[in-house]
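# Chain and residue survey
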Amino acid sequence: MSMGRPWLRLEAVLAVVVLGASAAYLGVRDADRAFYTSMSDAARVPAAAKPVAGASTGSYTWDCGRNQDGHRNTGNPVVSPGVAGPAHHEHDFIGNLGVGPVSSVEDLPGQPTSCTNGDASTYYWPVLRLGGSTDHHGPALVPTSLTMRYLGNLRGPVVAMPRLLVAAVGDAYAYTNKNGLARAVWSCSNTPDRTTMKYPICDDGAEVVRIFDFPSCWDGRQLDSPNHRQQMAFPAAGGGCPAGTFAVPHLEISMTYAVPAGRRYRIDAFDGQRYSPLTDHGFMVNLMPDALMERVVTCLNAGRACDDTAGSRSG
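Everything quoted here is computed from the prediction, not taken from an experiment.

What counts and how
- Counting of residues starts from 1 at the beginning of each chain's written sequence and follows it residue by residue.
- Local features in a predicted model are, by the rule used here, given only for residues with pLDDT of at least 70; side-chain atom pairs are given and counted only at 80 or more, and totals for whole chains, interfaces and linings are based on all residues.
- Think of the side-chain values as coming from all heavy atoms in the structure, minus any hydrogens and water.
- Cysteine sulfurs are considered disulfide-paired once they come within 2.5 Å of each other.
- Only DSSP runs of H or I with at least four residues qualify as helices, and only runs of E with at least two residues qualify as strands; both kinds are numbered from the N terminus onward.
- Throughout, exposure labels follow a simple rule: accessible area from a 1.4 Å probe, protein chains only, divided by the maximum for the residue type, with under 20% read as buried, over 50% as exposed, and the rest as partly exposed.
- Strands are treated as partners if at least two bridges between them are detected by DSSP.
- Residues belong to one nonpolar core when they are buried, are Ala, Val, Leu, Ile, Met, Phe, Trp, Tyr or Cys, and are joined through side-chain atoms within 4.5 Å.
- Contacts were defined at the residue level, with two residues in contact if any of their heavy atoms lie within 4.5 Å.
- In this analysis, rings of Phe, Tyr and Trp, with Trp reduced to its six-membered ring, are considered paired at centre separations within 6.5 Å, and the interplanar angle assigns stacked below 30 degrees, edge-to-face beyond 60, and tilted for intermediate values.
- A positively charged side chain is recorded as over a ring if its NZ (Lys) or CZ (Arg) lies within 6 Å of the ring centre. The angle to the ring normal must also be within 35 degrees.
- In this scheme, a helix's expected span is set at 1.5 Å multiplied by one less than its residue total.

Within the structure shown, the criterion is met by four disulfides. The disulfide that involves Cys188 links it to Cys202, with 2.0 Å between the sulfurs. Looking along the S-S bond of the Cys188-Cys202 disulfide, the torsion reads about -90 degrees, which is the left-handed sense. Residue Cys188 is found in strand β10 (residues 185-188), and its partner Cys202 is found in the loop between β12 (199-201) and β13 (208-213); the two are separated by 14 residues along the sequence. By relative accessible area, Cys188 is classed as buried at 2%. The residue that forms a disulfide with Cys299 is Cys306, at a sulfur-sulfur distance of 2.0 Å.

This brings us to the pairing of strand β8 (residues 145-151). Both strand β3 (residues 59-62) and β8 contribute to a ladder of four bridges, which runs antiparallel. Opposite Tyr60, over in β8, you have Tyr150 as the bridge partner. In this sheet, strand β17 (residues 250-257) lies alongside β8 in antiparallel orientation, the contact comprising seven bridges. Each bridged residue has a counterpart across the sheet, and for Tyr150 the counterpart in β17 is Leu251.

In terms of nonpolar packing, the biggest core is built from 52 residues, with Trp62, Tyr123, Tyr150 and Ile253 touching the most fellow members. The element best represented in this core is helix α3 (residues 290-301), accounting for six residues. For Tyr123, the residues in contact, after removing those within four places along its chain, are Trp62, Cys64, Asp92, Phe93, Ile94, Met148, Tyr150, Leu251, Ile253, Phe283 and Met284. Counting 12 residues, the second-largest nonpolar core is a separate cluster that includes Val105, Tyr124, Val166 and Phe283.

Turning next to the packing of aromatic side chains. Scanning the model with the defined rule gives 13 aromatic pairs in all. Seen from their ring centres, Tyr124 and Phe283 are 5.3 Å apart, and the 15 degrees between their planes marks the pair as stacked. Taken as a pair, Tyr124 in strand β6 (residues 122-126) and Phe283 in strand β19 (residues 281-285) lie far apart in primary sequence, 159 residues in all. Members of the aromatic cluster, joined through ring pairs, are Tyr36, Trp186, Tyr199 and Tyr265. When the ring centre of Tyr175 is taken as reference, the NZ or CZ atom of Lys178 above it lies at 5.3 Å. The ring of Phe234 carries the charged tip of Arg183 above its face, separated from the ring centre by 3.6 Å.

Let us now look at unusual backbone geometry. A positive phi is found at Leu164, a non-glycine position, where the angle reads about 70 degrees. Of note, Leu164 is situated in the loop between β8 and β9 (166-170). Even without glycine at this site, Lys178 takes up a positive phi of about 45 degrees. Tracing the chain through its elements places Lys178 in the loop between α2 (174-177) and β10.

It is worth spelling out the sheet that holds β19 at this point. Spatially, β4-β5-β6-β19-β9 is the arrangement adopted by the five strands of the open sheet, whose pairing is antiparallel. Strand pairing shows two members of the sheet lacking a second neighbour, β4 (72-73) and β9, which therefore form its edges. Relative to β19, β9 runs antiparallel, the two sharing five bridges. Directly across from Gly170, in β19, lies its bridge partner His281.

With that settled, consider α3. In this model α3 runs 16 Å from its N-terminal to its C-terminal C-alpha over 12 residues, within 8% of the 16 Å that 1.5 Å per residue would give. Where α3 is buried, its residues contact β3, β8 and β20 (305-308). After α3 finishes, the residue Gly303 shows a positive phi value of roughly 75 degrees.

Structure (structure tokens):
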């Protein structure tokens, strides 16, 4: 009788031991160890599809800060306008500085912004915290870097987003919903070729990377919808938009966090979601001035790399 491949069994055992030891080192409860992973077990990023002739291959980058001034509260102007959320679920806000605990989308036009190019849109997501002595109330982590970038579409040109268009990525109730809306993307700064939907345990000296990859196909009619998702769709793997939708600038927000070695961390989450990384989510309400949105569209469709970060303007 064949004995199989004993070295493979040994590697599997060692992997379990290493991950278990890492989780214990992070102070993670046994029940939550499945929420963490080493990047050696993470999936490789698939190769990008090739653009077709006439595709919008440009990029546009700008600077809205890192929320270093601590603009965070429990509000969600899209999902629960006029109602403050629970104390254990705060959002980080960048861009529009007028978002408060009971703000609505209608309150945002005309407010100042943290973006250096005049973009008054709001962008927000759950606060990421170090583990504390209670279940969640450790200190909020401020990203060490935060990159705002618009990309084009691999199958053709993009059209301008209308003002007040809402886009959402992920699901705050993904742990209990199990509905396929989870879109969490995490990595480590030294493993950009791998991503995971779990909290990564990064090597010493490497930073935790968090990415929001927003939908970029608009139905051409609605600015928002009852579930805040019907007006926007994700493109197919090759970049094509579903029938009846139009490609708009593809928003990607990425940030890095310096998590101290041996410390656990997790996002603020609603009751019953166990701080699962699957529940990570982000929102955008577009309030770019029309001229600035046209610059974005022109850069993308012309295949130019445009940089409007502080002190830089090219393309």
